[in-house]
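Coordinate inspection notes
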Number of protein chains: 2
Amino acid sequence: MAGDEEQVFRNFLARKGRRWTPERKAVLREVFAHHDHFDAEELHRRLRARGLTVSRASVYRTLGLLVESGLVAEVFVEDGHMHYEHVYGHEQHSHLRCLGCRRVIEFRDEALPGVEARLAAAHHFQVTGHKLEVYGWCAACQGKEG
Amino acid sequence: MAGDEEQVFRNFLARKGRRWTPERKAVLREVFAHHDHFDAEELHRRLRARGLTVSRASVYRTLGLLVESGLVAEVFVEDGHMHYEHVYGHEQHSHLRCLGCRRVIEFRDEALPGVEARLAAAHHFQVTGHKLEVYGWCAACQGKEG
DNA sequence: ATTTTTATTGAGACTCTATATCATTATTTT
DNA sequence: AAAATAATGATATAGAGTCTCAATAAAAAT
Ligand SMILES: [Mn+2]
Ligand SMILES: [Mn+2]
Ligand SMILES: [Zn+2]
Ligand SMILES: [Zn+2]
C-alpha cells in the first residue's frame, strides 16, 4: 500500500492510453517525497533544485493527472493559487486554518462519514468525497484580529 | 434583520474609517437582489445591465469589503475563479456539488456545530466558521463518469 | 531490430483573474 | 466654505494556468 503510488499511477496512465515518462516519474516522486501542502510553482522549484529538468508546463500537466487519478488532492486556495497534497496512503483528513499565522492543523472527525451518508440518501447522490476547512484563530493569534 | 444589510455595511465602513458611496450601495443592492452564487464579472455585468456604472475595479474592491464585513462569503472556485454568495440573513449551509452537471445543492447538517466545538476545545482555537463542500454524482449524472 | 504511430515535451505566447497605480473626483470633517 | 483624505475609473501590471507547435520519445506494429 505505502510506496505503491508509482504502480497506481502507471495503471491509471495505461488505462487512459497515456504514457509513463521520466518527467512524470520525477513529479510523482517529488510529490510523495514530503508530507506537506505545496503549490505548482514550489513543486517546479524543488525539482529544479534536485537537478531534474521538468518544464513548468509538464509540472502543471502532471499535477492535473495526479489529481484526476486520486493520488493527489487540491486542498485549498491561498495567496490566489491552489495548494495540493498527496493523499494516497494517508487517512482522509480535514484542515483547521488559523486566519492569523496561517498555520494549518490536520484533523479527523468521526461525524463526516455520517454527513456523506445522509446526503447520498437524501439526494440520491453517489458521493465521492468532501472537503472541509475550519477557520479561526489559534491560541497564539487570539486577540490580534484588528 | 432581513433587509438590514445596508445598515450593517454602513456600520462596518464607519468603524473602519471607510466611506459610503453610490458605487458601494449599487454593488450591495445587486448582491442582495438574488439568492444565488455569482462571480465578480457576472456581478459587474448585471450592474451595467441595470444602467449603473460601477468600474470593474470598484466591483472587486467592494466585494472584498463585503467579504471582510461578513455579509458575503467566498463559496467555491469553479472555472478557475472565485464564486460568492450573500450570507447575511441566511442560515449557514454547505454545498453538495455534482461533478457532472455542476449543479449545486445547498444543505444543512446538524453534525457541523459539534465538529467546530470539538476542534475549538482540542486545539484551543477560537473557531469563526467553516466551509464544507461535498462532491459526487447526482441521480441524473450517475454512470457518465468516463 | 526497424519502422510507424502517436503521445509528450519544452519554450514561449497567450488568456484570464485580480490587483496596483495615479490623476481626478467625491465624501467627510473642521 | 475650505481642508483633509478616501474612492473612483482608466489603465497598466502581476500572476496563475493553459495553449500552440515543432521536435522528441514512448509504445505498438512489422
Ligand atoms: Mn493535509
Ligand atoms: Mn449557497
Ligand atoms: Zn495563528
Ligand atoms: Zn449532475
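Further up the page is the structure itself.
Looking now at the coordination of the manganese ion (ligand 1). All names here are of chain A. Each protein donor to the manganese ion (ligand 1) is listed here as His37 (NE2), Glu85 (OE), His93 (NE2), His95 (NE2) and Glu106 (OE); together their distances run 1.9 to 2.4 Å. In primary-sequence terms, the residues that donate to the manganese ion (ligand 1) follow H-x47-E-x7-H-x1-H-x10-E. With His37 in the loop between helix H2 (22–31) and helix H3 (40–49) and His95 in strand S3 (residues 94–98), the pair connects residues that are 58 residues apart, well separated along the chain.

This part covers helix H1 (residues 5–15) of chain B. All names here are of chain B. Three or more residues of H1 are buried, namely Glu5, Phe9, Phe12 and Leu13. Each buried residue of H1 sits inside an arc of 95 degrees when the element is viewed along its axis, so together they form one side. Turned more than 90 degrees from where H1 packs its buried face, Ala14 and Arg15 sit exposed.

Once that is clear, we can look at the protein's contact with DNA strand C. Near DNA strand C lie 19 residues; those nearest to it are Thr21, Arg24, Ser55, Ser58 and Arg61 of chain A. Within 4 Å of the protein, the contacting atoms of DNA strand C are drawn from sugar and phosphate to the extent of 66%. Thr21 of chain A places a polar side-chain atom, nitrogen or oxygen, 2.7 Å from a phosphate oxygen of DNA strand C. At 3.2 Å, a side-chain N or O of Arg56 of chain B approaches a base nitrogen of DNA strand C. Of all the secondary structure elements, the ones that give two or more residues to the surface near DNA strand C are H2 and helix H4 (56–69) of chain A together with helix H4 (56–69) and strand S2 (81–86) of chain B. If you tally residues by element for the surface near DNA strand C, the top one is H4 of chain B, at three residues. For the surface near DNA strand C, a count of residues per class yields five nonpolar, six polar and eight charged.

Across the chain, the bulk of peptide bonds are trans and the bulk of non-glycine residues have phi less than zero. We note that His124 of chain A has phi near 55 degrees; this positive angle belongs to a residue other than glycine. Take His124 of chain A: it is sitting in the loop between helix H5 (112–123) and strand S5 (126–137). Overall, His124 of chain A belongs to the exposed group, its relative accessible area being 57%. Its identity is not glycine, yet Asp79 of chain B carries a phi of approximately 55 degrees, on the positive side. Summarising the element assignment, Asp79 of chain B is placed in the loop between strand S1 (72–78) and S2.

What follows deals with the coordination of the zinc ion (ligand 3). Angles between donor atoms at a metal ideally measure 109.5 degrees for a four-coordinate tetrahedral arrangement and either 90 or 180 degrees for a six-coordinate octahedral one. All names here are of chain A. Protein coordination at the zinc ion (ligand 3) comes from Cys98 (SG), Cys101 (SG), Cys138 (SG) and Cys141 (SG), with a distance range of 2.2 to 2.4 Å. Coordination geometry of the zinc ion (ligand 3): the four donor atoms subtend angles of 101 to 115 degrees at the metal centre, consistent with an arrangement described as tetrahedral. When the donors of the zinc ion (ligand 3) are listed by position in the chain, the intervening gaps give C-x2-C-x36-C-x2-C. Separated by 40 residues along the polypeptide, Cys101 in the loop between S3 and strand S4 (104–107) and Cys141 in the segment after S5 bring together distant segments of the chain. For Cys141, a relative accessible area of 7% gives the class buried.

Attention now moves to the interface of chain A and chain B. Each partner contributes residues to the interface: chain A has 33 residues there, and chain B has 33 residues. Carbon and sulfur atoms make up 65% of the area that chain A and chain B hide from each other, which totals about 2,900 Å². The salt bridge involving Asp109 of chain B is made with Arg118 of chain A; its shortest N-O contact spans 3.0 Å. Broken down by element, the residue count for the side of chain A that touches chain B peaks at 12 residues, all from S5 of chain A. Residues that form the side of chain A that touches chain B fall into these classes: 18 nonpolar, eight polar and seven charged. Relative to strand S5 (residues 126–137) of chain B, S5 of chain A is paired through 11 bridges, and the arrangement is antiparallel. Directly across from Tyr135 of chain A, in S5 of chain B, lies its bridge partner Gly129 of chain B.

Residues in contact with DNA strand D amount to 21 residues; listed here are only the nearest, Thr21, Arg24, Ser55, Ser58 and Arg61 of chain B. Close to the protein, within 4 Å, the atoms of DNA strand D belong to sugar or phosphate groups at a rate of 66%. Note that a phosphate oxygen of DNA strand D is positioned 3.2 Å from one of the backbone N or O atoms of Thr53 of chain B. Elements that contribute at least two residues to the surface near DNA strand D include exactly H4 and strand S2 (81–86) of chain A together with helix H2 (22–33) and H4 of chain B. In terms of residues, the surface near DNA strand D owes the most to one element, H4 of chain A, which gives four residues. Partitioned by chemical class, the residues of the surface near DNA strand D number six nonpolar, seven polar and eight charged.

Aligned on chain B, chain A shows an RMSD of 0.1 Å; the corresponding rotation is 180 degrees and the shift along the axis is 0.0 Å. Look at the turn and shift together and you get a two-fold axis relating the two. The C-alpha atom lying nearest the rotation axis in chain A is that of Leu132 of chain A; the distance is 2.2 Å. Take the interface residues of chain A: 100% of them recur as interface residues in chain B, which is what a same-surface contact looks like.

Parameters and conventions
- Residues numbered from 1 in each chain as written.
- Chains lettered and ligands numbered in written order.
- Predicted model: local features only at pLDDT ≥ 70, side-chain atom pairs only at ≥ 80, totals over all residues.
- Heavy atoms only, no water.
- Donors = N, O, S within 2.8 Å, 3.2 Å for Na, K, Ca; no water.
- Helix = DSSP H or I, 4+ residues; strand = E, 2+ residues; numbered from the N terminus.
- Buried < 20%, exposed > 50% of the residue type's maximum accessible area, 1.4 Å probe, protein only.
- Arc of directions from axis to C-beta.
- Near = heavy atom within 4 Å.
- Polar contact = N/O pair within 3.5 Å; in protein donor to acceptor, adjacent residues only side chain to side chain.
- Nonpolar A, V, L, I, M, F, W, Y, C, P; charged D, E, K, R; others polar.
- Tetrahedral: all angles 85-135°; square planar, octahedral: opposite > 155°, others 65-115°.
- Contact = heavy atoms within 4.5 Å.
- Buried area = accessible area lost by both parts, 1.4 Å probe.
- Salt bridge = Lys/Arg side-chain N within 4 Å of Asp/Glu carboxyl O.
- Pairing = 2+ DSSP bridges.
- Least-squares fit on C-alpha atoms with pLDDT ≥ 70 in both.

Everything listed here is a matter of geometry and, on its own, says nothing about what the molecule does.
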